[in-house]
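# Structural features, examined
The primary structure of each chain is shown beneath.
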Amino acid sequence: MSSPTSFTQFASLPPELRFQIWTEALSVWSVWATVGDGLTERDLSAKHAPLTMKHVGPAPYLVGLTSREARRLLTQICKRLHGPNADTYWVNLEKTVIYLGDSAESAATLGGSCDDHLSGVEHVALRWCQNHWGGLARTCQRLAKKCPSLCTIIVQRCEIKATTNVAVDVELDPKTASNFTIIVENNGPDSTNVKLDIKHLRALLLEYFGDSPLRLHFIGADTANSSS
């Protein structure tokens, strides 16, 4: 006898239990990522092409599209955001790491998003090209100004050098995205997993955020697991 592949009595469950299940499903940790499609820094600066956003790994909002009951909870738990390309997204900001990519992609995303939407962002991941300290600093300045609720920044080092004419197309893979959420969910102390002396760099970046209890994690190009 084969095992059932679906549960057909969900509607018969008590409302409180159904709501709890919907809430848990809509609160799964996820990563919402900028997709630059190989655009160069010059392209992005000149706004030659818009960026898009997509979930890498779980996309909890899809649960909220399955029924009217789930939709009501979706509107309560998630925030309706407009991405840099004016598309609409539902994002649970408490349980989502927003991956902004490198400095050019970050600038385009932050510049194309409503300040009211950015004010609720809590967790961000960035890609830092090894020769582009200035870009990372400018991104953190923008985040400090636009995202007062920010709790976590994960900076992943990229070995590729950034240029204005050559596209740096580094797609975020699901394993790295999953490890971003592990870092945030563990809520551990600031960590460093790069072969660099970044004590001074960390201090400079944290100055932009004043007395905010921000957690700043640096991780290597080949892993997003700060515990290794």
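Provided above is the structure to which this section pertains.
This is a predicted model, so every value here is computed, not measured.

### Some words on the pattern of salt bridges
Applying the stated criterion across every chain, the model contains 2 salt bridges. In this structure, R18 engages E69 in a salt bridge whose closest nitrogen and oxygen atoms are separated by 2.8 Å. In this pair, R18 is assigned in helix α1 (residues 15-26) and E69 in helix α3 (residues 68-77), connecting sequence segments 51 residues apart. The pair R18 / E69 is uniform in exposure class, with both members buried. Between D102 and R127 there is a salt bridge, with its nearest N and O atoms 3.2 Å apart. With D102 in the loop between β5 (96-99) and α4 (103-111) and R127 in strand β6 (residues 123-129), the pair connects residues that are 25 residues apart, well separated along the chain. Judged on exposure class, the residue D102 and its partner R127 are both buried.

### Regarding the nonpolar core
Ranked by internal contacts, the top residues of the largest apolar core, which has 29 residues, are L126, L143, L150 and I153. Looking at this core, the elements with two or more residues in it are β4 (88-91), β6, α6 (133-146), β7 (152-158), α8 (199-207) and β9 (215-219). Element by element, the count of residues in this core is highest for α6, at 4 residues. What L126 contacts, discounting residues up to four positions off in sequence, is Y99, L100, G101, S106, L136, T139, C140, L143, I153, I154, V155 and Q156. Grouped together as the second largest cluster of nonpolar side chains are 14 residues, V31, A33, V56 and V97 included.

What counts and how
- Residues numbered from 1 in each chain as written.
- Predicted model: local features only at pLDDT ≥ 70, side-chain atom pairs only at ≥ 80, totals over all residues.
- Heavy atoms only, no water.
- Salt bridge = Lys/Arg side-chain N within 4 Å of Asp/Glu carboxyl O.
- Helix = DSSP H or I, 4+ residues; strand = E, 2+ residues; numbered from the N terminus.
- Buried < 20%, exposed > 50% of the residue type's maximum accessible area, 1.4 Å probe, protein only.
- Core = buried A, V, L, I, M, F, W, Y, C linked by side-chain atoms within 4.5 Å.
- Contact = heavy atoms within 4.5 Å.

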